[in-house]
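# What the coordinates show
Chain by chain, the residues:
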Amino acid sequence: NFEGTAFTGTFDGDGHVIRNLTIYTEEGDFLGLFGHLSGSGSAISRLGVEGVSIVGGDDGWAVGGLCARLDNGIIRECYARVALTPGSRTWHAGGLCGVIDDGASIEDCFVDGTLSGGTPAYYTGGLCGCNSYGSIRRSYACVEMTLGSGSAAVGGFCGDNWYGTIQSCFWDTTVSGMSSSDGGTGKTTTQMLQQSTFTSVGWDFDTTWQMADYPALACFPPATGYDAWAESRGIPIDQRAFDAAPAGDGVANLLKYASGLPPMQSCETADLMQPQPAAGEALFRVRYFVSSTATDVLLQPVACASLSGPWLTDSVLTTLVSESDGRQTWEATVLLGDSCGFVRLRATGTDGLSDTDSLFGRCGYAPSATGTEGRFHGGGGSRSGVEASR
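Owing to the predicted nature of the structure, the values given are computational and were not obtained by experimental measurement.

In terms of regular secondary structure, the chain is built from 6 helices and 32 strands. A buried classification covers 49% of the 390 residues belonging to the chain. Residue pairs at least 24 apart in sequence account for 68% of intrachain contacts in the chain once pairs closer than 6 positions are excluded. For the chain, the exposed area adds up to about 17,500 Å²; of that, 48% sits on carbon and sulfur atoms.

Next up on the list: the pattern of salt bridges. A full pass over the atoms with the stated rule returns 15 salt bridges. Residue Arg-89 is joined to Asp-58 by a salt bridge in which the shortest nitrogen-to-oxygen separation is 4.0 Å. In this pair, Arg-89 sits in the loop between strand S9 (79-85) and strand S10 (90-94) while Asp-58 sits in the loop between strand S5 (43-55) and strand S6 (61-64), placing the two residues 31 residues apart along the sequence. The exposure class of Asp-58 is partly exposed, given its relative accessible area of 44%. Of the charged contacts, one joins Arg-138 and Asp-108 as a salt bridge, the two residues approaching to 2.9 Å between their closest N and O atoms. With Arg-138 in the loop between strand S16 (135-137) and strand S17 (140-147) and Asp-108 in the loop between strand S12 (105-107) and strand S13 (110-117), this residue pair connects regions lying 30 residues apart in the sequence. We classify Asp-108 as buried; its relative accessible area is 7%. Via salt bridges that share partners, Arg-19, Glu-50, Arg-81 and Asp-112 belong to a single interconnected network.

Considering all chains together, one arrives at 23 aromatic pairs under this definition. Ring geometry for Phe-170 versus Phe-198: centroids 5.2 Å apart, planes at 80°, classification edge-to-face. Here the residue Phe-170 occupies a position in strand S21 (residues 170-172), and Phe-198 occupies one in helix H3 (residues 195-199), the gap between them amounting to 28 residues. An aromatic cluster is present here, built from Tyr-79, Phe-110, Tyr-140, Phe-170, Phe-198, Trp-203, Trp-209, Tyr-214 and Phe-220 joined pairwise through their rings. Lying over the aromatic face of Trp-311, Arg-344 brings its terminal NZ or CZ to 4.7 Å of the ring centre.

So, about the sheet that holds strand S14 (residues 121-125). Strands sit in the order S3-S6-S10-S14-S18 across an open sheet of 5 strands; the sheet is parallel. Among the strands making up the open sheet, the edge pair consists of strand S3 (29-31) and strand S18 (152-155). Within this sheet the neighbouring strands show an average axis-to-axis angle of 15°, counted without direction. Across 2 bridges, S3 lies against S6 in parallel orientation. Bridge assignment links Asp-29 to a residue of S6, and that residue is Trp-61.

Rules of the game
Residues numbered from 1 in each chain as written. Predicted model: local features only at pLDDT ≥ 70, side-chain atom pairs only at ≥ 80, totals over all residues. Heavy atoms only, no water. Helix = DSSP H or I, 4+ residues; strand = E, 2+ residues; numbered from the N terminus. Buried < 20%, exposed > 50% of the residue type's maximum accessible area, 1.4 Å probe, protein only. Contact = heavy atoms within 4.5 Å. Areas by Shrake-Rupley, 256 points an atom, 1.4 Å probe, with all protein chains shown as cover. Salt bridge = Lys/Arg side-chain N within 4 Å of Asp/Glu carboxyl O. Phe/Tyr/Trp six-rings, centres within 6.5 Å; stacked < 30°, edge-to-face > 60°. Lys NZ or Arg CZ within 6 Å of the ring centre and 35° of its normal. Pairing = 2+ DSSP bridges. Axes fitted to C-alpha atoms, helices over the stretch in contact; angles between N-to-C directions.

What follows is the structure in structure tokens.
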């Protein structure tokens, strides 16, 4: 139980983001980064939370990605990216805030992610579970909601608006799967991607908001590099991790980003790398492709003598062959030794923390004693349009 002592001060995030908050408990009350924000002078502003995972116990009360209970305070220019799983018979769960009451307010905020469980759930919404005598303005929810049978007072934006005010607010009906809400206006994903949806009800895109895919808050630096690529290419919110493969083809996002491939299109080995004829030379050559615009990732061919590794770069010589339409073609050359070996691609984030290999984009080789004849091992890959001659 995280009720504890309410936070009564002010917290200005200054455009910073807190990531990977995890709460897993058999208790279910006041679960959130802020369990309880209370008092007429209390405030949270310009703060983002991402990768929030909250799993609560049964019979809980108040679950929210940013704040569980907001009581006579204000949350302004904040957002949350969440995966919330309240326990059975939980009351007041919301993506951003569980319950708002006693004159509290939320302004210019948004939430995206998932909210599931609660078999049943009561007073549950994409942005807030219950708004009791509070106000919410210029905010939206894009939360996939999967709630158990018997759930009551649930909505795509707000589960129960009890004498509260909800003005100029929206929820995504396509993503949420919710056709109703006690407050807010439901819009399809297509409509949520149009700035006119929001300017028509007075949203400020000069100083407060900016348009990315969905509206984003201007106080946060715009996404760049991999983050911008992931946000703008239609990848589902819960499939944007470096190592996720949303197209179901086993090729991780980071590898597609580094190779200049579309994330949601299924790829084959030849889209990543292509073995080249060696014309009798004691060399193994593979051509691979690198995005000219990817700025925060390093794509390298690595080689080893067996699939169990180690995979090394020092035995591979790389040469730029050509560049066209934002994609470079490189050639990797490996000197054939006395044993077979394999080449694959490795994409590494420049932060040094994110590392992913291609799962099937590898080629194998096995030289003969003379070097003029040989055997080729596909390493689980595929190749079309192959020509063979003596």
